[in-house]
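Each chain is listed here by its residues.
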Amino acid sequence: MSSISVVIPTHNRAPMLREAVESVLSQSLRPGEILVVDDGSTDETEEVIRCFGKRVGYMKQPNSGPSTARNLGWRSTRGEWVAFLDSDDLWLPRKLELQMKALSNSSDTPLCYTDEIWIRQNKRVNPCKHHAKYSGWIFQHCLPRCIISPSSALIRRNVLEELGGFDESLAVCEDYDLWLRLTSRYPVMFLEEKLIIKRGGHPDQLSKRFWGMDRFRIRVLARLLRDPLLSEDQRKAVLSELKRKCSIYAQGARKRGKEKEADFYLQLPVEVSQKDFQETAFPP
């Protein structure tokens, strides 16, 4: 038994969830506890989990999104380390073992993540070069896009507590937000082994339910600029990425005939420097 708590948030993915849980139970390093947080499912999710008996804990909440489910999960467990697994993903058998072995030689590292195998509509695909992953102080690498998959991350509980967990006000890009806040303060460890399988292409993915995903990343960056713990170099990098994303988004808004929205995002990098800027100013 290890001091690792595994949290699996899920919503209406009973068949995939069974496979995800089995991939945790097949780990060469057995976690101390496994908790599935059911985010208001209406399918056979509960029946699937009950089949595993006492090996897997189960909690259910009203449908509130993955951030709330993950936060409820890690706050309801007690391991020194927390590992998240999305219910459409899978772990390879030595995932936890190799992460803990690597971390045993780095007592100050609060997060270890791994490379991944991508499956899209049942076919393996290769990631693009801009999805490259890194170890160490990777804050600036995390600004353009989210490079840490929640399903690959093993995190110290005390750092989750320090950061407050996932931002429950974000419908999507909540992982992008958390990793930016974490990597602005700490170095992280990347294992080059492909230790998780990310399955995509199914219609219920959040990235398919929300248009204009960069809207949420822009909101994250605008808020991050107010973090008093950012160094000056970090602040400049955030502002540069904010300007880039706002410019691209504004071009798209103009093509859709949304002139006021385009003007808002072009002006945003200037506005966020003013103390009276409110997040409620963002267009819906």
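Up top is the structure these notes are about.
Predicted model only: the values in this text are computed from it and were never measured.

1. Side note on the overall build of the protein chain
Argument step 1. A tally of regular secondary structure across the protein chain gives 11 helices and 9 strands.
Argument step 2. Relative to the compact-globule value of 19 Å for 284 residues, the protein chain shows a C-alpha radius of gyration of 19 Å, a close match.
Argument step 3. Projected onto the principal axes, the alpha-carbon positions of the protein chain cover approximately 55 × 45 × 35 Å.
Argument step 4. Residues counted as buried form 54% of the 284 residues belonging to the protein chain.
Argument step 5. A separation of at least 24 residues holds for 75% of the contacts in the protein chain among residues at least 6 apart in sequence.
Argument step 6. Just so you have it, the protein chain exposes about 13,700 Å², and 51% of that area is on carbon and sulfur atoms.
Argument step 7. Charged side chains in the protein chain number 44 positive and 38 negative. The centres of these two groups are separated by 3 Å.

2. What about the pattern of salt bridges?
Argument step 1. Overall, the coordinates contain 23 salt bridges when judged by the stated rule.
Argument step 2. Residues Glu46 and Arg50 are paired through a salt bridge, measuring 3.1 Å at the closest nitrogen-oxygen approach. Of this pair, Glu46 and Arg50 are both found in helix 2 (residues 45-50), 4 residues apart, which corresponds to roughly one turn of the helix.
Argument step 3. A relative accessible area of 32% means that Glu46 is categorised as partly exposed.
Argument step 4. Here Lys245 and Asp214 are joined by a salt bridge, their closest N and O atoms 3.9 Å apart. One end of the pair, Lys245, is in helix 10 (residues 232-255); the other, Asp214, is in helix 9 (residues 214-224), and 31 residues separate them in sequence.
Argument step 5. Residue classification places Lys245 among the buried positions, given a relative accessible area of 2%.

3. With respect to the nonpolar core
Argument step 1. Leu111, Leu180, Tyr265 and Leu268 are the most contacted members of the largest nonpolar core, which has 54 residues in total.
Argument step 2. Residue contributions to this core peak at 7 residues, all from helix 10.
Argument step 3. Once you skip the residues sitting within four places of it in the chain, Leu111 turns out to touch Ile148, Ala153, Leu154, Ile155, Trp179, Leu182, Val188 and Met189.
Argument step 4. With 29 residues, the next largest nonpolar core counts Val6, Ile8, Leu98 and Ala102 among its residues.

4. Here's the deal with helix 9
Argument step 1. Taken together, the buried positions of helix 9 are Arg215, Phe216, Ile218, Val220, Leu221, Ala222 and Leu224.
Argument step 2. In this structure, the buried residues of helix 9 make contact with helix 5 (139-142), helix 7 (174-183), helix 10 and helix 11 (259-271).

5. Here's the deal with unusual backbone geometry
Argument step 1. The phi torsion at Gln121 lies on the positive side, around 50°, for a residue other than glycine.
Argument step 2. With respect to the helices and strands, the residue Gln121 is situated in the loop between strand 6 (111-120) and strand 7 (123-125).
Argument step 3. Using a relative accessible area of 60% as the deciding quantity, one classes Gln121 as exposed.
Argument step 4. You will see that Asn122, though not glycine, has its phi angle at about 70°, which is positive.
Argument step 5. Locating Asn122 in the fold gives a position in the loop between strand 6 and strand 7.
Argument step 6. When its relative accessible area of 77% is taken as the criterion, Asn122 is described as exposed.

6. What to know about the side chain of Asp38
Argument step 1. Relative to the helices and strands, Asp38 resides in strand 2 (residues 33-39).
Argument step 2. Here Asp38 sits buried without a salt bridge, and the closest side chain of opposite charge, Lys60, lies 4.1 Å off (N-O distance).
Argument step 3. Contacts of Asp38, omitting those with residues within four sequence positions, involve Thr10, Thr45, Tyr58, Met59, Lys60 and Gln61.

7. Some points on the packing of aromatic side chains
Argument step 1. For the structure shown, the criterion picks out 7 aromatic pairs.
Argument step 2. Each ring, one from Tyr113 and one from Phe190, has its centre 5.0 Å from the other, and the planes form 40°; the classification is tilted. Of the two residues, Tyr113 sits in strand 6 while Phe190 sits in strand 9 (residues 189-200), which places them 77 residues apart along the sequence. In this pair, the class of Tyr113 matches that of Phe190, namely buried.
Argument step 3. Here the aromatic rings of Phe166 and Trp179 are separated by 6.2 Å at their centres, their planes lie at 75°, and the arrangement is edge-to-face. Remark: Trp179 occurs in helix 7 and Phe166 occurs in the loop between helix 6 (157-163) and helix 7; sequence separation between them is 13 residues.
Argument step 4. Judged by relative accessible area, which is 2%, Trp179 ranks as buried.

Thresholds, definitions, all that
- Residues numbered from 1 in each chain as written.
- Predicted model: local features only at pLDDT ≥ 70, side-chain atom pairs only at ≥ 80, totals over all residues.
- Heavy atoms only, no water.
- Helix = DSSP H or I, 4+ residues; strand = E, 2+ residues; numbered from the N terminus.
- Rg over C-alpha atoms; globule rule 2.2 N^0.38 Å.
- Buried < 20%, exposed > 50% of the residue type's maximum accessible area, 1.4 Å probe, protein only.
- Contact = heavy atoms within 4.5 Å.
- Areas by Shrake-Rupley, 256 points an atom, 1.4 Å probe, with all protein chains shown as cover.
- Lys, Arg positive; Asp, Glu negative; His and termini not counted.
- Charge placed at Lys NZ, Arg CZ, Asp CG, Glu CD.
- Salt bridge = Lys/Arg side-chain N within 4 Å of Asp/Glu carboxyl O.
- Core = buried A, V, L, I, M, F, W, Y, C linked by side-chain atoms within 4.5 Å.
- Phe/Tyr/Trp six-rings, centres within 6.5 Å; stacked < 30°, edge-to-face > 60°.

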